[in-house]
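Analysis of the macromolecular model
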Amino acid sequence: MSIVKNIPPLANLPWEERQGGGSSPLWRYSGNPVIPRNLTTHANSIFNSAVVPFKDGFAGVFRCDDTSRRMNIHVGRSKDGLQWVIEDEPIRFIKTAPDLPDSEYKYDPRVVWLEDRFYIIWCNGYYGPCIGMGWTKDFEQFYQLESPLMPFNRNGVLFPRKIGSNYALLSRPSDSGHTPFGDIVYSESPDMTYWGRHRHVMAPAGGWQSTKIGAGPAPIETTEGWLLFYHGVLTSCNGFVYAFSAALLDLDKPWQVIARARPYLISPQELYECVGDVPNVTFPCAALVDGQTGRLAIYYGCADSVTGLVFGTVDAVVDFVKQNAL
Ligand code: BMA
């Protein structure tokens, strides 16, 4: 029995047993990168992207930068979570109000099933980076909602259920550029439009997470707390290095950190993580979980060029976080 709570079984979760050693409870898929940079006709790169179980397979929202270097998000579909068909054209959102902000660009989507629909949340270009939000029920029609927070902000991630009586969101206030700082902040809303009761969750700490941090996939509910995967950035003499690890947040007050790992789980080490348009980036945006076994498959962007996949179990990651806490 896994410690995972409120997540249904996912028997067809993509999976491969661990081959070889290593101290991290996560291991890489031998077929990485699972999504190459050129899967769509006009793609320059396909990376920081989100997938969810959908019907008898999987669907997703993919960050595709095109050969004009426009950043946008596209729908993809897959039977097994490994072989993907991604649409050539970006998602066209139907605005739920005529004067909703336009997007100069869209990137780094997350997708979460919440109550009766899939919410999509992304970094939206509106006089600089801010959080964009929308929803779909079928991955055919997409509706854009009000932006939950003011510019500048990145890394918006919704919790998969209300906390108390409110919807809950993590984000990372930032600046208009390649922000040299960044903490994770919690906000609540009664209606998905008006957000407040902001609470500080975590600041950067040492080592791989010393410059800035940002939430990754939607938090995973466990009996031990919310399991949050998050990226952290180190400023090296050769630029930013993006690694990721995990923390446990209180179930009822998620701004309270129960434990947070000192070591990273994954850092750029394979060639496809170290070499690309932006070298040395591993950036998680989605985690599939089998509620029965606790098995995990995390999709992460590699070097801002391709998408990778790692496997593990929720139970082993939670043990790792507790045993290696800051
Ligand atoms: C961040 C975001 C990510 C990107 C990362 C590394 O600021 O723009 O999309 O993966 O930088 O370039």
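As a starting point, this report considers the structure included with it. What you see is a predicted model, and the numbers here were worked out from it, not measured in a lab.

Thresholds applied
- Residues numbered from 1 in each chain as written.
- Predicted model: local features only at pLDDT ≥ 70, side-chain atom pairs only at ≥ 80, totals over all residues.
- Heavy atoms only, no water.
- Helix = DSSP H or I, 4+ residues; strand = E, 2+ residues; numbered from the N terminus.
- Rg over C-alpha atoms; globule rule 2.2 N^0.38 Å.
- Buried < 20%, exposed > 50% of the residue type's maximum accessible area, 1.4 Å probe, protein only.
- Contact = heavy atoms within 4.5 Å.
- Areas by Shrake-Rupley, 256 points an atom, 1.4 Å probe, with all protein chains shown as cover.
- Lys, Arg positive; Asp, Glu negative; His and termini not counted.
- Charge placed at Lys NZ, Arg CZ, Asp CG, Glu CD.
- Salt bridge = Lys/Arg side-chain N within 4 Å of Asp/Glu carboxyl O.
- Pairing = 2+ DSSP bridges.
- Axes fitted to C-alpha atoms, helices over the stretch in contact; angles between N-to-C directions.
- Near = heavy atom within 4 Å.
- Polar contact = N/O pair within 3.5 Å; in protein donor to acceptor, adjacent residues only side chain to side chain.
- Nonpolar A, V, L, I, M, F, W, Y, C, P; charged D, E, K, R; others polar.
- Phe/Tyr/Trp six-rings, centres within 6.5 Å; stacked < 30°, edge-to-face > 60°.
- Lys NZ or Arg CZ within 6 Å of the ring centre and 35° of its normal.

1. Details of the overall build of the chain
When helices and strands are counted, the chain shows 2 helices and 22 strands. A globule of 326 residues ought to have a C-alpha radius of gyration of about 20 Å, and the chain, at 18 Å, matches this closely. Looking at the chain as a whole, 58% of its 326 residues qualify as buried. Taking the intrachain contacts of the chain between residues at least 6 apart in sequence as the baseline, contacts between residues at least 24 apart amount to 53%. Total accessible area on the chain is roughly 13300 Å²; 51% of this is exposed by carbon and sulfur atoms. Seen as two clouds, the 28 positive and the 33 negative side-chain charges of the chain have centres 3 Å apart.

2. Quick word on the pattern of salt bridges
Where charged atoms of side chains with opposite charge meet at close range, the side chains can pair. By the definition in use, this model includes 17 salt bridges. Residue Arg63 is joined to Asp65 by a salt bridge in which the shortest nitrogen-to-oxygen separation is 3.1 Å. As far as burial versus exposure is concerned, Arg63 and Asp65 are alike and both buried. The closest approach of N and O atoms between Asp277 and Arg69, which form a salt bridge, is 3.3 Å. Remark: Arg69 occurs in the loop between strand 3 (57-66) and strand 4 (71-78) and Asp277 occurs in the loop between helix 1 (271-274) and strand 20 (282-289); sequence separation between them is 208 residues.

3. Quick look at the sheet that holds strand 1 (residues 27-28)
The strand order across the open sheet built from 4 strands is 1-22-21-20, with neighbouring strands paired in antiparallel fashion. For this open sheet the edge positions go to strand 1 and strand 20, each flanked by a neighbour on one side alone. In terms of strand pairing, strand 21 (residues 295-302) meets strand 22 (residues 306-313) through 8 bridges, oriented antiparallel. The partner of Arg295 across the bridge, within strand 22, is Thr313. Docked against the sheet, helix 2 (residues 314-323) engages strand 20, strand 21 and strand 22, running at close to 85° with respect to strand 22.

4. So, the site of the ligand
Taken together, Asn48, Arg63, Tyr107, Asp108, Tyr242, Val278, Val281, Phe283 and Asp304 form the complete shell of residues around the ligand. Measuring from an oxygen atom of the ligand, one finds a side-chain N or O atom of Asn48 at 2.9 Å. Within the side chain of Asp304, one N or O atom sits 2.6 Å away from an oxygen atom of the ligand. For the ligand, the accessible surface in isolation is 310 Å², of which the surrounding protein chains cover 89%. Residue composition of the shell around the ligand, by class: 5 nonpolar, 1 polar and 3 charged.

5. Looking at the sheet that holds strand 11 (residues 153-158)
Note: strands within a sheet are paired through backbone hydrogen bonds, in either parallel or antiparallel orientation. Here we have 4 strands laid out as an open sheet, ordered 11-12-13-14, and antiparallel in their pairing. Edge positions in the sheet fall to strand 11 and strand 14 (196-202), since each has one partner strand and no second. Strand-to-strand, the axes of this sheet are offset by a mean angle of 25°, without reference to chain direction.

6. Remarks on the packing of aromatic side chains
Under the counting rule described, the total for this entry stands at 22 aromatic pairs. Look at Phe54 and Phe139: their rings are 5.0 Å apart centre to centre, the planes differ by 70°, and that puts the pair in the edge-to-face class. With Phe54 in strand 2 (residues 43-54) and Phe139 in the loop between strand 9 (129-136) and strand 10 (142-144), the pair connects residues that are 85 residues apart, well separated along the chain. Summarising the aromatic geometry, the rings of Trp135 and Tyr143 are spaced 4.5 Å apart at their centres and angled 25° between planes, so their arrangement reads as stacked. Looking at Tyr143, the relative accessible area reads 23%, which means it is partly exposed. Among the aromatic residues, those joined into a ring-pair cluster are Phe54, Phe93, Trp113, Phe118, Trp122, Phe139 and Phe142. When the ring centre of Trp135 is taken as reference, the NZ or CZ atom of Arg117 above it lies at 4.2 Å. Taking NZ or CZ as reference, Arg199 lies 5.5 Å from the ring centre of Trp255, over its face.

Geometric values such as these leave the question of function open.
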